[in-house]
Amino acid sequence: MKKSTVLVIDGGGRGSVLTAKYLESKLVGKVLVTPGNDLMLINKNVEIFPNIKTTDTKNILNVCIKNKVDLVDVAQDDAVAVGITDILLKNKFKVFGPTKAAGQIEWDKSWSKNFMNKNRIPTAKFKVFKTQKAGILFIKKHKDSKWYVKASGLAAGKGVIFAANNKEAIHAINQMKNFGKSGETFVIEESLEGEEFSSFAAVNGKKFIILGHAQDHKTVYDGNIGPNTGGMGCSSPPLAITPYIEKQVNVIFKKTTAGLVKLKRPYLGILYLGGIIDSKGKVKVIEFNARWGDPEAQVILPSIKNDYYSLVAEILNGNKPRIIKDKKYRIVVAATAKGYPVDYSKIVGKEIKGMDKLVKSKVKIYGAGVKLQGNKYLVSGGRLFYVLSEGKNVAEARKIAYNALSLVSIAGGNLHYRRDIGYRDLKRN
Ligand code: AMP
Ligand code: GLY
């Protein structure tokens, strides 16, 4: 039987774990990745296209035609927002990923918040603004509070600003213009208190299956200090996700998928629910994303025992396959260049020492901003690579991950990672 060729659209750790997962399938012969990263080449049967960006629809289509691709996995948000799914579907390719219209739930925060209200999906109270003047007036009418000010469009994870009081909120509103078109419309919302988590479902129209939950660690430093990043590490399955929480998550996915079908924007692909559990144990949605989380994918995908290619094929066929998960606890730690997410330009090009030992150790490695030059591993971005470990509990998983991380360094102490990944469950254990 001819084996299938899969194209994954992503360059980072999420694309790396997806690539690894597809390669495990007996039905897959080859995985192509746009743009991919050098560490993916540790696997056989992988081809990367470093010059094809996730938004380069023309060249992505060419890769699909030239290689007779059997399935495209649209893993990255920018790709969804430029409508790559729509283009590939028009050209008769099989795609696992939402259309531009369904993906609006991520790429347009004001649309998404209005959608949540209309569909009675619990979320933070909010208001949408089109001028800075109106936003400032709104803040001035309220007593001093904590707020979130958010550019409505995609802003590479930087468009969300926390304001500890009204003065900071006004400052944040003034910054919206820095996000260009993405910040022309912005959302001001109340700040919710509680424990954050993310849940993931594979969706086809009104049918969905929950694939897992994780907890991300968003700020750059231990103890949730410093600027927000794309995620410094995840743990899974979180002990905070009790059956009561899972039931609420299920209801939210049900309302969301049905709401999108009603709007004639049926969702197909992975849907990400970013939630918060308030002091009464009620779930509220912070945001939806039209893709796997990064690094959430790195801790959840390896826990799924199903053949992932078959799983996706079944979902595309409108079936609801039974998900088989293992019982292991996993953590993933993001290793970054010191200075990330602000300025790491001085670290670019430096060598990461000990990578060969790390690759041979007990953990799994997923790459992002690492370039291979001969047998040297060089820094090529802020987020370098991810170390994934598994154990019977969080303590064991942490021990394995951090032992492995002690094998790697960048001269001058320029390798940074958080040392408290999984701290919530470590305290609970
Ligand atoms: P977003 O891009 O909307 O997910 O926001 C980024 C991060 O900001 C979230 O993961 C939360 O940690 C935080 N956040 C956003 N909105 C709120 C809110 N209304 N209340 C509390 N935290 C929030
Ligand atoms: N880990 C956060 C995200 O993928 O958006």
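One can find the structure itself at the top, above this paragraph.
None of the values given here were measured: they were computed from a predicted structure.

**Student:** Mind laying out helix 8 (residues 166-175), listing which residues take part and the relevant values?
**Tutor:** Within the span of helix 8, buried status applies to N166, A169, A172 and I173. Summarising the axial view, the buried residues of helix 8 lie within an arc of 110°, below the 170-degree limit, and thus occupy one face. Turned more than 90 degrees away from the buried face of helix 8 sit K167 and H171, all of them exposed. Measuring from the side-chain oxygen of the N-cap residue of helix 8 to the backbone nitrogen of K167 gives 3.2 Å; that N-cap residue is N165.

**Student:** Tell me about the site of ligand 1, and please be specific about residues and values.
**Tutor:** Near ligand 1 lie 13 residues; those nearest to it are K150, E189, L192, E196 and E287. Contact between ligand 1 and K218: an oxygen atom at 3.0 Å from a side-chain N or O atom of the residue. Between an oxygen atom of ligand 1 and a side-chain N or O atom of E287, the distance comes to 2.8 Å. A total of 470 Å² of accessible area belongs to ligand 1 in isolation, and the protein chains cover 91% of it. Contributing elements (two or more residues each) for the shell around ligand 1: strand 7 (147-151), strand 9 (186-190) and strand 16 (283-289). Within the shell around ligand 1, the residues separate by chemical class into five nonpolar, one polar and seven charged.

**Student:** Tell me what's going on with the packing of helix 1 (residues 13-24) against helix 11 (residues 308-316), and back it up with residues and numbers.
**Tutor:** Between helix 1 and helix 11, whose axes approach to 7 Å, the crossing angle comes to 95°. Between helix 1 and helix 11, the angle falls in the class roughly perpendicular. Contacts from L18, K21 and Y22 of helix 1 reach helix 11 at Y308, Y309 and V312. Of the residues assigned to the contact of helix 1 with helix 11, the class counts are five nonpolar, no polar and one charged.

**Student:** Let's hear about the site of ligand 2: which residues, and what values?
**Tutor:** Around ligand 2 sit D216, K218, G230, Y272, N289, R291, G293, D294, P295 and E296, and that is every residue in its neighbourhood. One nitrogen or oxygen atom from the side chain of D216 is found 2.8 Å from a nitrogen atom belonging to ligand 2. Here an oxygen atom of ligand 2 sits 2.9 Å away from a polar atom, N or O, in the main chain of D294. When ligand 2 sits alone it has 190 Å² of accessible area, and the protein chains cover 88% of it. Each residue belonging to the shell around ligand 2 can be placed in one class, and the counts come to two nonpolar, three polar and five charged.

**Student:** Describe in detail the nonpolar core, supporting the description with residues and values.
**Tutor:** Ranked by size, the top nonpolar core spans 44 residues in total, and within it L7 and F288 carry the most contacts. The element best represented in this core is helix 9 (residues 243-262), accounting for five residues. Residues contacting L7, with those up to four places away along its chain left out, are L32, V33, T34, I60, V63, C64, V69, L71, V72 and D73.

**Student:** Could you give me a rundown of the environment of L372, with the residues and numbers involved?
**Tutor:** The topology assignment puts L372 in strand 19 (residues 370-373). With 264 residues separating them along the chain, L372 and D108 place their C-alpha atoms 37 Å apart. If near-sequence neighbours (up to four positions away) are discounted, L372 is found in contact with D38 and Y377.

**Student:** Just give me the short version of the pattern of salt bridges, but keep the residues and values in it.
**Tutor:** Think of it this way: side chains of opposite charge can pair up when their charged atoms draw near. Under the counting rule described, the total for this entry stands at 17 salt bridges. With a closest N to O distance of 3.7 Å, D70 and K2 form a salt bridge. Here K2 lies in the segment before strand 1 (4-10) and D70 lies in the loop between helix 2 (57-66) and strand 4 (71-74), a separation of 68 residues in the sequence. Measuring nitrogen to oxygen at the nearest pair gives 3.6 Å for the salt bridge that ties E287 to K109. With E287 in strand 16 and K109 in helix 6 (residues 109-118), this pair connects stretches of sequence that are 178 residues apart. Comparing E287 with K109 shows no difference in burial state: the two are buried. Connected through shared salt-bridge partners, D326, K328, R330 and E390 make up one network.

**Student:** Go over the side chain of R424 with me, naming the residues and quoting the values.
**Tutor:** Within the fold, R424 resides in helix 14 (residues 423-428). Buried charged residue R424 carries no salt bridge. Nearest counter-charge: E195, at 4.1 Å. Among the polar contacts listed, one links the side chain of R424 to the side chain of Y423, at a separation of 3.4 Å. For R424, the contacting residues outside a window of four places in its chain are E195, Q215, D216, H217 and N224.

**Student:** Run through unusual backbone geometry, naming residues and quoting values.
**Tutor:** Residue T34 is joined to P35 through a cis peptide bond whose omega torsion reads -10°. Mapping P35 onto the fold places it in strand 2 (residues 28-35). Across the junction of S236 and P237, the peptide omega takes the value 0°, indicating a cis bond. The backbone of K264 sits at a positive phi, close to 60°, despite the residue not being glycine.

**Student:** Give me the sheet that holds strand 9: which residues, what numbers.
**Tutor:** Strands sit in the order 6-9-7-8 across an open sheet of four strands; the sheet is antiparallel. Unpaired on one side and paired on the other, strand 6 (126-129) and strand 8 (160-163) mark the two borders of the sheet. With direction set aside, neighbouring strand axes in the sheet form an average angle of 20°. As paired elements, strand 7 and strand 8 share four bridges and run antiparallel to each other. Looking at strand 8, one finds that W147 is bridged to A163.

**Student:** Give a description of the pairing of strand 13 (residues 225-228) that names residues and reports values.
**Tutor:** As paired elements, strand 12 (residues 219-221) and strand 13 share two bridges and run antiparallel to each other. Note on strand 13: the bridge partner recorded for Y221 is I225. Connecting strand 12 to the antiparallel partner strand 13 that follows it, the hairpin turn spans three residues, and G223 within it adopts a positive phi of roughly 75°.

Analysis parameters
Residues numbered from 1 in each chain as written. Chains lettered and ligands numbered in written order. Predicted model: local features only at pLDDT ≥ 70, side-chain atom pairs only at ≥ 80, totals over all residues. Heavy atoms only, no water. Buried < 20%, exposed > 50% of the residue type's maximum accessible area, 1.4 Å probe, protein only. Helix = DSSP H or I, 4+ residues; strand = E, 2+ residues; numbered from the N terminus. Arc of directions from axis to C-beta. Polar contact = N/O pair within 3.5 Å; in protein donor to acceptor, adjacent residues only side chain to side chain. Near = heavy atom within 4 Å. Areas by Shrake-Rupley, 256 points an atom, 1.4 Å probe, with all protein chains shown as cover. Nonpolar A, V, L, I, M, F, W, Y, C, P; charged D, E, K, R; others polar. Axes fitted to C-alpha atoms, helices over the stretch in contact; angles between N-to-C directions. Parallel < 35°, antiparallel > 145°, perpendicular 65-115°, else oblique. Contact = heavy atoms within 4.5 Å. Core = buried A, V, L, I, M, F, W, Y, C linked by side-chain atoms within 4.5 Å. Salt bridge = Lys/Arg side-chain N within 4 Å of Asp/Glu carboxyl O. Lys, Arg positive; Asp, Glu negative; His and termini not counted. Pairing = 2+ DSSP bridges.

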